[in-house]
Structure formats: C-alpha cells, structure tokens
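Summary of structural features
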Amino acid sequence: RNLSARAAISLEPAVRCACPCAREMGEMGEHHVRDIGEIPSTICHGSEGGFFLPLFGNQFEMDLVHPWFRALLYFLGLVYTFYGVSIISDIFVESIEVITSQEREVEITDPKSGKTRKHTVLVWNATVANLSLMALGTSAPEILLNVVEVVGHGFYSGELGPSTIVGSAAFNFFVITAIVISTIPTGETRRIRSFSTFVITAFTSLFAYGWMYAAISLISPDVIELWEAGVTILCLPLLVLAGYHADIGTFGFNPEANDAHLQDEDGVTPRDKRPTLNDFMGKDPEEIEEKMQKQMEVIRTTEDRHGKMSVQQIAQLAAADLGLSKFRSRAYYRVNASRTLYAGKRQVLAAFADLKASDARLKANVQPFTQNHKQPTQVPHHEQPTRHHDLTRRMSTRAPYESENRWICCGKAPENPPPPAGTKEWDLRNVLRGATAPDLRLLKLGTRSDEDGLSGLARVRISLAKESGDEQLSVGPLWRQHILDALMPHGGIEEDTGKELPPTRFDVLLHVCSFPWKVIAAVCCPPTSWLGGGPSFVATLAVIGAFTALISDLASILGCLLNIPDPITAITLVAVGTSIPDTFASKLAAQNEPTADAALTNVTGSNAVNVFLGLGLPWLFASLYWKATGPTDEWRARYPEVSARYPGGAYVLIGGDLGFSVSLFFTCSIIGIGVLLFRRYVLGAELGGPNRSKYASSAVFFALWLAYIVTVICRFATII
C-alpha cells in the first residue's frame, strides 16, 4: 500500500484491532479493489490530501507523531466536528421552522349569511414541511456529504457518501426505533395517528433503497445513467405529494383529517387554522368544555377501542382537533434537545393557555392553580390542584379568581375583577387581557367525581399565535443579540414559570467546550427571525457544507491510518455521529407527544429523502457532467471495463459491496416494519406498553442493527 516501513510496522496492530474478523489485510485490500474497483486510499501518507487536511502535509505529520497518536487526534477531531455540525444544524433547523411557520390571512364568505370573515392559516402543510425542508434540515450533513464528495472529487464517485446514507438509515430506523419504543413510561403507549402517512413513508423508504440497489447493481450495473438520476430526484416531489394526500385523508386511516363535523359556519376546519386568542377565547368556557368532552368521546370510540390511551392523550388529541392547540414540531424537539448538550438558549413557545380536560364520563369543574400549589380557600379537600409543568412564558405571581365555583388563574389580580362567568359582559378574552402580566395565557379546566375525588385530569397546551416583534427589527440589533446569546452559557427553563434558570457548572463546562462552534455559528449564520428565516437558511446550508467536507477529510484519514475501508467508517462512525441529535429529538417527541407520528413517521420519511435528495442530486450533477464532457484519459484508466460499455463516458458507481449493504438493510427493514405492524394490530400501539413486550421489541431492533453492522464489516473483510 506504499506505506513507509515505519508506518507499516506501527500500523500492523491497528489493523488487527480494527478488523478482528479480517483475513490477511493484504488479501483483503486486493479483493476489495477487485470487487468495487476502488484505488487504495493514500490520503494519510501520499502527496495528495483531502479538501482541507492534512494542514501541513502527510510527511510532516508522519515525522512528528506516532501513527497511533495521529489516529487518536483525528478521531477526537472527528467527534468534535460532529459536535460542531450539530450546533450549526440547530440554527438551520430553526430557520426551517421559521419558514414553515409562516402564516397568511384568507377571507372566507359564509354561503348562508354572505358575511366575510378572515382566518389565519399556515402556509405550509405540516406533512409537506416534514417531508421536504424538515427532512433536509435533520439530514443535511449526510445529504451534503454526498454532494460535496462527488463535486469535490471531480464528479467521480466517493465511498463515504453512499455508505453514510445507508448506515445512517440503518441507525435511524433500528436504533432510534428501539429507543423510542422503550422510553415510553411504563403503562403508557403511543400509537401512530396518521397511519396512512406512515404507510406511505415506510413503503417509500423501502422503495428508495430497493431502487438504489436496482440502479447500481441490476439495471445498469456499476453505472448511473442520466435517466436513473432523474427518476431518483423526481421521486421526492412524488413522495411529498403522496404524503400531503395522506395527511388530508385522501387515502383514509387518518382520524385527524376526518373532522368535517368540527367545521365552523365558514366551512373551515380547525386543523386548517392557526389558533389565535380570538378564535377560541371569545366563547364561554362551558362551550369549550362541552366541545372538548364530545371530541374526546369521539376519539375514545374511534381511535381507542382497546382502551390503550390515557385521558391525557385523548385530551391532547381532542384539543388539536378543535384547533385549540397544535402538536409541537420535530424541529422544536431537535433544537431543544441539542441545545441542552451545549448550553444554548432554549426555544420558548408562544404564549398559551393550559386547558384541563378529563374523561367525558366525569363531572366538569374548574380547578385553581396557585404559585405555591397550596389549597386555596373554598375548595374542597378532594379537589387539590395538580402541579403545572407546561408553562414556558415568564409569569408574575398568580392569584385565583372565584366565580360561580369556577377558578381561573391569569396572573396578578387586576384592579377591576372580571364580571361573573355566564353574564353578558363576561368574556374570557377580557379575563386574560385584564391580567397585569400581559403575556400570560392560562386557563385550567379540571374534573372531579363527587364519589371518588379528583380523577382523570390532563394537561393540554393551548397554543396561541403571538408575534415576537423580532421581524420588525433591523438586522443589526438582531445579529448583535444573536452573538451575545452565543457568548454566554444558558441554563434550562423553569417548568412552572418559564424563567431561564442560571447555568449550572455542567452547563458552563459544555459552554466552554462548544464555545468556538457557537461563535462560528453566530458570526456566520444570520439570526433566524430576520426576513422570515431565508438568509439564515442559505448561509447555514453553506456553512454545513463546508464542515461536511472537513468531516470527509477526518473520516477518510482516520480510516486510512487504521487501514479500515471508507465504507466501514461511513456506516459506523460517520452514520452514528450525524444521527445522534435526531436520536435525542425522537426520544423527547415520543415522551411528550400523545402520538407516535413525530417519533416514527419522520424517521422513515427522512430515510427516503436521504436517497431521493442525498443521492439524487450528486447523481444528477455527475451524470450531466460526464454526458457533457465525455470520457477523459483518467476516467478510462480508472474504469477500463466500463469504458468498453460506455465509450461516451458515464457516472460510475461500483455496486459490489455497496449493493450488498443496501440489500441487507432492505431485508432487515422489512423485518422491522413487520414488528411495528405486529405491535400495532396485536399489542395495540407501536410504542410503549408492558415492560416485557416493549423491551423485547427494542431488543429485536437493536439485534437487527448489530446484525447489519457485523455482516457488512465481515463482507468487506472477505469473510462472507
């Protein structure tokens, strides 16, 4: 392998350690070259390096440090770069959330009265956003790694990119699914609600990797033709279109879309509107409560026939159906989970009310909530209030109002208390706006049973549209605050008051470790609230692309030093490193959302997008390049067999072991989807359940991932 004698001797133990199942490494290298047509890597000892590394040349590093220590430095550099890319990716994901949260006003005329009313609706459909921009945001490092590798290497195929796509998909589907199944608290379950969307994303994910195998190994072996690249990239809009129709209920199996009975007089369903204070606060609480109870009963009879859902889950779903709340986006969980790892400033939701709902069979009654959680006067002993965990806005001292046995908490008591509930002058908007804390939106409705005491309570977040005002500021003050936030460590959010807690010692340590990356991100990436997130989206995408090139260098040099083929490095280190933030995001989404959609559907959707976009783009670029330029002498020397079949030139991607890796993942994925279907139709829910069943299911998914990794490594080591 043209190594110097000193390097070859010192690397011999590393080879045996890195590939214990390998035969003689010389034989493995010869077989590997014959199999997939690659040239042995010389990036760690040759005259040519990668995009940025080595900084001072290989000879300088080889003379300066021992190869083992050099490999350790590159490993630590790779891990630290993963850490930095996750920090920058958070800004990218946040900019996407700002873009997809944009709203517009529509005027709708009532066909009966002829009156025109304005409604605030979201521009982006949630499923369309998740399968397009949000999938790009969560998978940006893997996608850009493919693009940068192909374009940066003169439109020759690389080995890290395609294997990273497959390895990341394996980690996402098997490991993340295993974690979210077992992370649900004992006795609770999470069930996919928009099952048609999951079916489409799961089927499309299987199709994507089946198509990948067919393109590189069957249709035109070892060559990606222009039409194949075109079909790959065109599958993305088809996936988004199918996901949209599944979301709106075209294919059925989506109870959330079947809410025609909830339409208002203008024919607009609550799920199509952005909930505002005016949308639901203008009504008497009894009307809200009555609608909640009716919708909860609908959900109980149509979606919870086996009795697996808790009252909390049913209430959250009912509130979403009525337009009182919206489920948190995956971006919210992704950003906040990652910022916990580097002491970043957490996202704070817009103001909301907290609605207490209950089992429809119980008698409704409003419960008070005070700051010290003590029993207020005139409340029976069995009506103790529960601790409030969901408020994420800064609040002043709370004091309850009493009105006809209904307690409403809304900040400090105003000078002029509101009129009694039920009177003509009474309006919940006036109650809330009368609080001295202007950002407070809190209404707690609860239930009790006269015989059994307080029972069946559930917290439901009532999301309100509230403009921050940042969009009106010029870029200077916004960017200045953006940088100041990066320079200081931040603690968590106090659950009850929404106040930012002072950073702990561990937060300060994380801030010190991440400080260079936070400064780079703050300086190079505009604030997400400026101009609707567009400038931040473009700038952050470019920065991530640059650092994925650095990841490519670090991973390739590390693999070269340890004599590990790039594909093995890709499906292990690179795939795991780029997927860690999504792991935390899915775990939080599974624990906090009432359904399994955010935890599972996004995984299968992202895996499909990785192929259609992450491979489709570089395939298209490279196919167009070779069709336009024709073959070169270097191309003919690299691929003599292919040049005989394609004398006009083509983009070459040798199948071989890559095709084996894809086909193995395809097979394991079918088993994994079968396990999820079994859990849905036999156990009643995809996530959670009794300890024995959920841990057994998690063990199956972990075993599938380990089987995939070990088998692929042994394949590259010529064991199989």
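Before going into details, it helps to say that this report is about the structure given with it. (Residues numbered from 1 in each chain as written. Predicted model: local features only at pLDDT ≥ 70, side-chain atom pairs only at ≥ 80, totals over all residues. Heavy atoms only, no water.)

1. Quick word on the side chain of Ser163
Structurally, Ser163 is set in helix α8 (residues 160-183). Setting aside its immediate chain neighbours within four residues, Ser163 contacts Pro567, Ala570, Ile571 and Leu658. (Helix = DSSP H or I, 4+ residues; strand = E, 2+ residues; numbered from the N terminus. Contact = heavy atoms within 4.5 Å.)

2. Looking at the packing of aromatic side chains
Throughout the structure, instances matching the rule amount to 21 aromatic pairs. Ring centres of Tyr80 and Trp517 lie 5.7 Å apart, and the angle between their planes is 55°; on these two criteria the pair is classed as tilted. Of this pair, Tyr80 sits in helix α4 (residues 67-100) while Trp517 is found in helix α17 (residues 505-524), placing the two residues 437 residues apart along the sequence. Pairing Phe171 with Trp705 gives two aromatic rings, centres 5.8 Å apart and planes at 80°, and the pair type is edge-to-face. With a gap of 534 residues between them, Phe171 in helix α8 and Trp705 in helix α24 (residues 691-716) connect regions that are remote in the sequence. (Phe/Tyr/Trp six-rings, centres within 6.5 Å; stacked < 30°, edge-to-face > 60°.)

3. Regarding helix α23 (residues 656-683)
Compared with the 40 Å implied by 1.5 Å per residue over 28 residues, the 40 Å span of α23 between its first and last C-alpha is a close match. Two residues or fewer past α23, Gly684 is found with a positive phi of approximately 100°. (Expected span 1.5 Å × (residues − 1).)

4. As for the packing of helix α9 (residues 195-219) against α23
The interhelical angle for the contact between α9 and α23, taken along N-to-C directions, is 165°, at an axis separation of 9 Å. Taken together, the axis directions place α9 and α23 in an arrangement best described as roughly antiparallel. For the crossing formed where α9 meets α23, the hand is left-handed. Here the contact of α9 with α23 is built from residues that sort into 17 nonpolar, five polar and one charged. (Axes fitted to C-alpha atoms, helices over the stretch in contact; angles between N-to-C directions. Parallel < 35°, antiparallel > 145°, perpendicular 65-115°, else oblique. Left-handed = near helix turned anticlockwise from the far one by under 90°. Nonpolar A, V, L, I, M, F, W, Y, C, P; charged D, E, K, R; others polar.)

5. Comments concerning a nonpolar patch on the surface
On the surface, a nonpolar cluster with roughly 580 Å² of combined accessible area is contributed by Phe69, Leu72, Leu73, Phe75, Leu76, Val79 and Leu573. Considering each element in turn, the nonpolar patch owes the most residues, six residues, to α4. Secondary-structure assignment places Leu72 in helix α4. (Patch = residues over 30% accessible without salt bridge, like charges linked within 9 Å, V, L, I, M, F, W, Y side chains within 5 Å. Areas by Shrake-Rupley, 256 points an atom, 1.4 Å probe, with all protein chains shown as cover. Salt bridge = Lys/Arg side-chain N within 4 Å of Asp/Glu carboxyl O.)

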